[in-house]
Amino acid sequence: MNLRTLKINTLGALIILMAFSTISSAQKKPNVIVVITDDQGFNDLGAMGNPYIKTPNIDQFYKESVRFTNFHVSTTCAPSRGALMTGRHTNRVNVYHTIMGRSLLYDDEVILPQIFAQNGYTNGMFGKWHLGDNYPYRPEDRGFHEVVRHGGGGITQGPDYWGNDYFDDTYWHNGKTEKYKGYCPDVFFSEALDFIEDNKDNPFFCYISTNAPHAPYNVPQKYYDLYKDQSELPDQFKRFYGMITNIDDNFKVLQKKLDALNLTDNTVLIFMTDNGTAGGNRIFDAGMKGSKGSVYEGGHRVPLFIRWPDGKLTGGKDIDKLVAHYDLLPTFVDLLGLDFNPVKPLDGISLKPLLHNTGETIPNRVMYVDTQRMQNLIKYKSYAVMDDNWRLVNGDELYNIKEDKIQSKNVIANHPEVVQRLALGYEKWWQSFIDEGVDEKYSYIKVGSNYENPSRISAHDMLTGKFGHVWHQYGATTGSAASGRWKIEFVADGNYKISLRRFPRESGLAINATFPETPKTPELDRSMPASIKSDFEQAYIYVANLAKSDKIKEGQEEVTFSGYIPAGKYDMEAQLIDKNNVVHPAYYVYIEKIAIQ
């Protein structure tokens, strides 16, 4: 071999070595996909023993995954998402309700997609966000690069696009409305698959958050037909289960896409749900008491399946340690080696020692879950204190969860020392977020910015003591009455137009418009109700130095008030008042900063 040949061979070897080094470097950052469904409980899967439901693909994934069998979330949907995104208990982050401005995740919280973005990931979210529909709370404001989502906590709710019904709907694509063809979970999975393919050569975080099987139980006929002959199932659950089977089919399509792109081995794939079942325990309870909204076990103990072949997370292993949704953020940081220094203390801990069975001891933690669902936090309201062995419920019920998972034997009289320890834990826990000042803090919708102008604001986020159904499109249609205030921050001095409406602009409807109920089809469990003639006569606005009212004219779609408003944080009242002097909210308010010509 001559010197020239040796140099060429050496150079070739170096090129190959560099190529393998580049591939190896890229593989050090696995992709992450989280699939989280809405209102599906521990008991709503075949793998969990449900004899009626058809979920063969998620059942197979269960067999291939590491399963946390004692995994807990919040009792309702937005609170679970707030904790998942922050690594902190939901009471700390202004997400202890699903409406009333208490589902707007504080804008000073550092959240999961921001951490991923800071570590070189491209992030996409598809489906249900439910942590704010206005700047600065939208997913595109919080670290996601590609977003396709509906509004509010579910399709048909107030912030959602008017008239959506799960089929061929209009969603927000990176802040702009866009019409899509198909059933909503199909659309969200399809958009996620496009995102995955577009980013296959770089690390990505893909958050697929289905609104299904949340009500209304609108479902394609073919999925309803899978259950139509099961006489033991009420019609509601034929629909509910059909929606879950649709998700199961989409989960299979997702896995096939990962296989086709050769991404399966280097992708952390997670399946979980956001709270207990929406009533499925009446069909099959998986040995647990309670459902969505309950602080009994069935309200917050849900599936968590994790698979990552390159990380040796496979093989159908069960982990029975008490863990929670807020553990996932620190687990990602530790497991993937992400650079992150928390500004605020986390409630979660890394589950890496459990996943890799390192032998490191995880303490017997005391953990807390409550159902607030009020305008302000209320101590002792509907809560459970948990550790590995015990559940203290509302301070007067104690259950040995290892022996009595269905919580049928209250043994509080037999274990005063356990009650005292858990009760003291609750007192310290409650005081910890009072010390953070969360009981005196609000999330303000910011208007007049370059990021959102005009801002379309709905009564969904109005703080009120009497709510009715003003948070929902159906509440606007039926003229639900309530009064309250929004927390609004005008980010700059200027001239503003504030328009009050009963129906959003995309509806094209006048304030006093009437229309019949939307015709039902076999696929629709619920459709838009008929508009009630409310005889609204006056519109009223109060915010900052603007306090005005005006009569509502026949055929008028909106009443607009204008004025100069200095930058600042304000309470805003926006009302529609009917002929009987009954106060209703302006179900939709548009605030626009007017450019100076």
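Read on for a plain summary of the structure. In this numbering scheme, every chain counts its residues from 1 along its sequence in written order. Local features in a predicted model are, by the rule used here, given only for residues with pLDDT of at least 70; side-chain atom pairs are given and counted only at 80 or more, and totals for whole chains, interfaces and linings are based on all residues. As a rule here, side-chain values cover all heavy atoms of the structure and leave hydrogens and water aside.

What follows covers the overall build of the chain. A count of helical and extended segments in the chain gives 11 helices and 26 strands. What the globule rule says is 2.2 Å times the number of residues to the power 0.38, and the radius of gyration is computed from C-alpha atoms. By the compact-globule yardstick of 25 Å for 597 residues, the chain fits well, its C-alpha radius of gyration being 26 Å. Dimensions along the principal axes, computed over C-alpha positions, put the chain at roughly 90 × 80 × 55 Å. Buried positions account for 59% of the 597 residues belonging to the chain. It only takes one pair of heavy atoms within 4.5 Å for two residues to be counted as in contact. For the chain, restricting intrachain contacts to residue pairs at least 6 apart in sequence, the fraction spanning at least 24 positions comes to 69%. In this tally, Asp and Glu contribute negative charge and Lys and Arg positive charge; neither His nor the terminal groups of the chain are included. Charge placement uses NZ in Lys and CZ in Arg. For Asp and Glu, CG and CD serve respectively. Averaging the coordinates of the 65 positive side-chain charges in the chain and doing the same for the 73 negative ones gives two points 1 Å apart. A run of DSSP states H or I qualifies as a helix once it reaches four residues; a run of E qualifies as a strand once it reaches two. Both are numbered from the N-terminal end. Here the term buried applies to any residue with accessible area under 20% of the maximum for its type, exposed to any over 50%, and partly exposed to those in between, with areas from a 1.4 Å probe on protein chains only.

So, about helix α2 (residues 56-64). Turning to α2, its buried residues are Asn-57, Ile-58, Asp-59, Phe-61 and Tyr-62. Elements that come into contact with the buried residues of α2 comprise β2 (66-68), α7 (235-260), β9 (267-273), β10 (304-307) and β11 (317-319).

The antiparallel open sheet is built from four strands, whose spatial order is β18-β26-β20-β23. Edge positions in the open sheet fall to β18 (455-458) and β23 (558-565), since each of these has one partner strand only. Between one strand and the next, the sheet's axes are offset by a mean angle of 20°, whatever the strand orientation. By this definition, two strands are paired if DSSP reports at least two bridges between them. Two strands pair when backbone bridges link them, and strand β20 (residues 494-501) and β23 are joined in this way by eight bridges, in the antiparallel orientation. What sits directly across from Ser-499, in β23, is Thr-560. Helix axes are fitted to C-alpha atoms over the stretch in contact, other axes to C-alpha atoms as well, and angles between N-to-C directions run from 0 to 180 degrees.

Let's shift gears to the sheet that holds strand β14 (residues 383-386). Spatially, β13-β14-β15-β16 is the arrangement adopted by the four strands of the open sheet, whose pairing is antiparallel. Only two strands of the sheet have a single neighbouring strand rather than two, namely β13 (367-370) and β16 (397-400). Averaged over neighbouring strand pairs, the angle between their axes works out to 20° when direction is ignored. Looking at chain direction, strand β15 (residues 390-393) and β16 are connected through four bridges and run antiparallel. Across the sheet, residue Leu-392 finds its bridge partner in β16, namely Leu-398. Sheet strands touched by helix α10 (residues 416-435): β13, β14, β15 and β16. Its angle to β15, the strand with the most contacts, is close to 65°.

Rolling a probe over the atoms, with the probe sized like a water molecule, indicates the empty space that remains. In this analysis, the protein atoms alone were mapped onto a 1 Å grid. Cavities are point sets where a 1.4 Å probe fits without being able to get out; pockets are open sets with protein on both sides within 12 Å along at least five of seven lines; lining residues have an atom within 4 Å of a point. Grid points are joined across faces, edges and corners, and a volume is the space filled by probe spheres set on the points. Size it by volume and the largest pocket reaches roughly 550 Å³. If you go around the largest pocket, you meet 24 residues; those closest to its centre are Trp-172, Gly-175, Glu-452, Pro-454 and Arg-456. Breaking the lining of the largest pocket down by element, the ones donating at least two residues are β7 (176-179) and β18. For this scheme, ten residues count as nonpolar: Ala, Val, Leu, Ile, Met, Phe, Trp, Tyr, Cys and Pro. Four count as charged, namely Asp, Glu, Lys and Arg, and the remainder, Gly too, count as polar. Taken together, the residues that form the lining of the largest pocket break down as six nonpolar, eight polar and 10 charged.

Enumeration according to the criterion identifies four cavities of 30 Å³ or more in this entry. Here the largest cavity defines a volume of roughly 90 Å³. Val-73, His-325, Tyr-326, Tyr-368 and Val-369 are, among the 13 residues lining the largest cavity, the residues nearest its centre. Per element, the largest residue contribution to the lining of the largest cavity is four residues, and it comes from β13. The residue makeup of the lining of the largest cavity, split by class, is seven nonpolar, five polar and one charged. As a volume, the second largest cavity reaches approximately 80 Å³. Along its surface, the second largest cavity is lined by Thr-86, Arg-88, Asp-108, Glu-109, Val-110, Phe-340, Pro-342, Val-343, Lys-344 and Leu-346. Classifying every residue of the lining of the second largest cavity by side-chain character gives five nonpolar, one polar and four charged.

Turning to unusual backbone geometry, a few remarks are in order. In this structure, the amide linkage connecting Ala-212 to the following residue, Pro-213, adopts the cis form with an omega of 5°. The amide bond that connects Asn-453 to the next residue, Pro-454, takes the cis arrangement and shows omega of 10°. Secondary-structure assignment places Pro-454 in the loop between β17 (445-447) and β18. In this model, Tyr-380 sits at a positive phi of 70°, which is unusual for a non-glycine residue. Along the chain, the position of Tyr-380 falls in the loop between β13 and β14. In the Ramachandran plot, Ala-544 falls in the positive-phi region, its phi being about 55° despite a non-glycine side chain. Structurally, Ala-544 is set in the loop between β21 (536-543) and β22 (546-551). For Ala-544, a relative accessible area of 22% puts it in the partly exposed group.

Here we take up α7. Expected helix span is given by 1.5 Å per residue-to-residue step, counting one fewer step than there are residues. For α7, with 26 residues, the first-to-last C-alpha span of 38 Å sits near the 38 Å given by 1.5 Å per residue. A positive phi of about 60° marks Asn-262, the residue just after α7.

Separated by 300 residues in sequence, Ala-544 and Ile-244 have C-alpha atoms that sit 47 Å apart. Those residues in contact with Ala-544 that lie beyond four places of it in its chain are Ile-565 and Tyr-570.

This brings us to the side chain of Gln-407. Residue placement: Gln-407 occurs in the loop between β16 and α10. Looking at Gln-407, the relative accessible area reads 2%, which means it is buried. Any pair of N or O atoms that falls within 3.5 Å is considered a polar contact. Within protein, one atom must be able to donate a hydrogen and the other to accept it, and sequence-neighbouring residues count only if both atoms are side-chain atoms. Polar contacts involving the side chain of Gln-407 include one to the main-chain amide nitrogen of Glu-297, which spans 2.8 Å. Once residues lying within four places of it in the same chain are set aside, the contact partners of Gln-407 are Lys-289, Tyr-296, Glu-297, Arg-391, Val-393, Tyr-399 and Ile-401.

In this section: the pattern of salt bridges. Should a side-chain nitrogen of Lys or Arg be within 4 Å of a carboxyl oxygen of Asp or Glu, the pair is scored as a salt bridge. Applying the stated criterion across every chain yields a total of 35 salt bridges. Residue Arg-88 pairs with Glu-109 through a salt bridge whose shortest N-O separation is 3.0 Å. Here Arg-88, found in the loop between α3 (77-86) and α4 (112-118), pairs with Glu-109, found in the loop between α3 and α4; they are 21 residues apart in sequence, far enough to count as distant. Judged on exposure class, the residue Arg-88 and its partner Glu-109 are both buried.

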